[in-house]
Amino acid sequence: MNRWGKDTSDDAERKFLSGPKARGSDLLYALDVSREMIRGFRGLHFVGPCVTVFGSARFSEGHRYYELARQMGTELARVGFTTMTGGGPGVMEAANRGAREAGGRSVGCNIILPKEQTHNAYLDRFVECRYFFVRKMLLAKYSYAFIAAPGGFGTLDELFGVAVLIQTREMSQFPIVLLGKEYWRGMIDFIRETFLAEATIAKEDIDRILVTDDPAEAADTISKVATTDFGLSYGKQPKPRWWLAER
């Protein structure tokens, strides 16, 4: 429970997904979801242009993947993007930290869980979500590219969710980056040898994905696509007063 007496654990979502409920209960749930979406829209409306970095919450400072994500945040700040993450620890913290240290903007969409996830200390602005599907929508809504650093089920869920939206043209043809060649090698081989070989995806679906160990290459590629394909015109700007006041 939070200070207003609302259930802030994942119980609310689990109860909704457990089966049909009374119509009144479903209506109240829909209103609660709408309220969370609107709160997210208001909190993140002015944060862009963003690049979203997905990744595991389980890597600590000093781990090679933590440091790789930290460099990624630094490079995104260099080319003028706001770094957006799930707002938690591990890779998310690292990317936000790299952006903050480089003087860039850093935002998060944190999910409220019974354990493991609290928002990290390197966020200029964040929103908190109780519903995973609202959080995933917010992570996708404001970004010109998506970077998957090493992670587990949650990272794959977010990565393939975005890939499907791009594949089906429900989202613009934004670039996808897999950060960490060795980590993602087996998955890429499987996609090529199975999905592509059986024609369950098109060649363009895999060609869109950049697999790299170089955060600078990823940032430069994203910047080029954003400016040439999507007409984004921007430069690295100082944080406005209202932004600093929100911290």
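Provided above is the structure to which this section pertains.
Quantities reported herein were computed from a predicted structural model and do not represent experimental measurements.

Right, let's get into the nonpolar core. Core analysis: the largest hydrophobic core is formed by 33 residues, its most contacted members being Leu44, Met84 and Leu138. Among residues more than four places away in sequence, those in contact with leucine 44 are Met84, Cys109, Val127, Leu138 and Tyr142. Val51, Leu68, Ala145 and Ala149 belong to the second largest nonpolar core, which has 25 residues in total.

Another aspect to go through is helix H6 (residues 153-167). Counted at 1.5 Å a residue, the expected span for H6 with its 15 residues is 21 Å, and the 21 Å between its end C-alpha atoms agrees. Those residues of H6 not exposed but buried are Thr155, Glu158, Leu159, Val162 and Ile166. End-on view of H6: buried residues confined to an arc of 95°, all on one side of the axis. At its buried positions, H6 is contacted by strand S1 (50-54), helix H5 (132-141), strand S5 (143-148), strand S6 (176-179) and helix H7 (181-196).

If you trace the 7 strands from one edge of the open sheet to the other, you get S4-S3-S2-S1-S5-S6-S7, paired in parallel fashion. This sheet does not close on itself; its edge strands, each paired only once, are strand S4 (125-129) and strand S7 (209-212). The mean inter-strand angle of the sheet, taken between neighbouring strand axes irrespective of direction, is 20°. With 3 bridges joining them, S1 and strand S2 (residues 82-85) adopt parallel strand pairing. By the bridge assignment, valine 51 is partnered in S2 with threonine 83. Seen against the sheet, helix H4 (residues 91-101) touches S1, S2 and strand S3 (106-111) and runs at an angle of roughly 165° to S2.

A few words on the packing of aromatic side chains. Counting across every chain of the model gives 10 aromatic pairs. Taken together, a centroid distance of 6.3 Å and an interplanar angle of 10° make the contact between phenylalanine 54 and phenylalanine 146 stacked. One end of the pair, phenylalanine 54, is in strand S1; the other, phenylalanine 146, is in strand S5, with 92 residues separating them in the sequence. Phenylalanine 54 sits in the buried class, given a relative accessible area of 5%. Residue classification places phenylalanine 146 among the buried positions, given a relative accessible area of 1%. When the ring of tyrosine 183 is compared with that of tryptophan 184, the centres are 5.1 Å apart and the planes differ by 80°; the resulting orientation is edge-to-face.

Before going further, it helps to examine the pairing of S7. Of the two faces of S7, only one is covered, namely that formed by Leu210 and Thr212; the face formed by Ile209 and Val211 stays uncovered. The sheet contact formed by S6 and S7 spans 4 bridges and is parallel. Note on S7: the bridge partner recorded for leucine 178 is valine 211.

Secondary-structure assignment places arginine 125 in strand S4. Its relative accessible area of 10% is what places arginine 125 among the buried residues.

So, about the pairing of S4. On S4, burial follows the alternation: Arg125, Val127 and Cys129 on one face are buried, whereas Phe126 and Glu128 on the facing-out side are not. Judged from the 5 bridges that link them, S3 and S4 form a sheet pairing that is parallel. Its bridge partner lying in S4, cysteine 109 is registered against valine 127.

A few words on helix H9 (residues 215-228). Since one α-helical turn is 3.6 residues long, residues separated by three or four positions face the same way. Given a rise of 1.5 Å per residue, 14 residues ought to cover 20 Å, and the 20 Å separating the end C-alpha atoms of H9 matches this to within 8%. For H9, every residue scored as buried is listed here: Pro215, Ala218, Ala219, Ile222, Ser223, Val225 and Ala226. In an axial view of H9, the angular spread of the buried residues amounts to 165°, which keeps them on one side of the axis. Exposed residues pointing more than 90 degrees away from the buried face of H9 are listed as Lys224 and Thr228. In the core, the buried residues of H9 are packed alongside S1, helix H3 (64-78), S5, S6 and S7. Between a side-chain oxygen at the N-terminus of H9 and the backbone nitrogen of alanine 216 the separation is 3.0 Å; the capping residue is aspartate 214.

Right, let's get into unusual backbone geometry. The omega torsion across glycine 48 and proline 49 is -5°, close enough to zero to call that bond cis. Within the secondary structure layout, proline 49 lies in the loop between helix H2 (23-44) and S1. The phi dihedral of arginine 169 is positive, around 65°, even though this residue is not glycine. Note that arginine 169 resides in the loop between H6 and S6. A positive phi angle is found at alanine 199, which is not glycine, with a value near 60°.

Rules behind the numbers
- Residues numbered from 1 in each chain as written.
- Predicted model: local features only at pLDDT ≥ 70, side-chain atom pairs only at ≥ 80, totals over all residues.
- Heavy atoms only, no water.
- Core = buried A, V, L, I, M, F, W, Y, C linked by side-chain atoms within 4.5 Å.
- Buried < 20%, exposed > 50% of the residue type's maximum accessible area, 1.4 Å probe, protein only.
- Contact = heavy atoms within 4.5 Å.
- Helix = DSSP H or I, 4+ residues; strand = E, 2+ residues; numbered from the N terminus.
- Expected span 1.5 Å × (residues − 1).
- Arc of directions from axis to C-beta.
- Pairing = 2+ DSSP bridges.
- Axes fitted to C-alpha atoms, helices over the stretch in contact; angles between N-to-C directions.
- Phe/Tyr/Trp six-rings, centres within 6.5 Å; stacked < 30°, edge-to-face > 60°.
- Polar contact = N/O pair within 3.5 Å; in protein donor to acceptor, adjacent residues only side chain to side chain.

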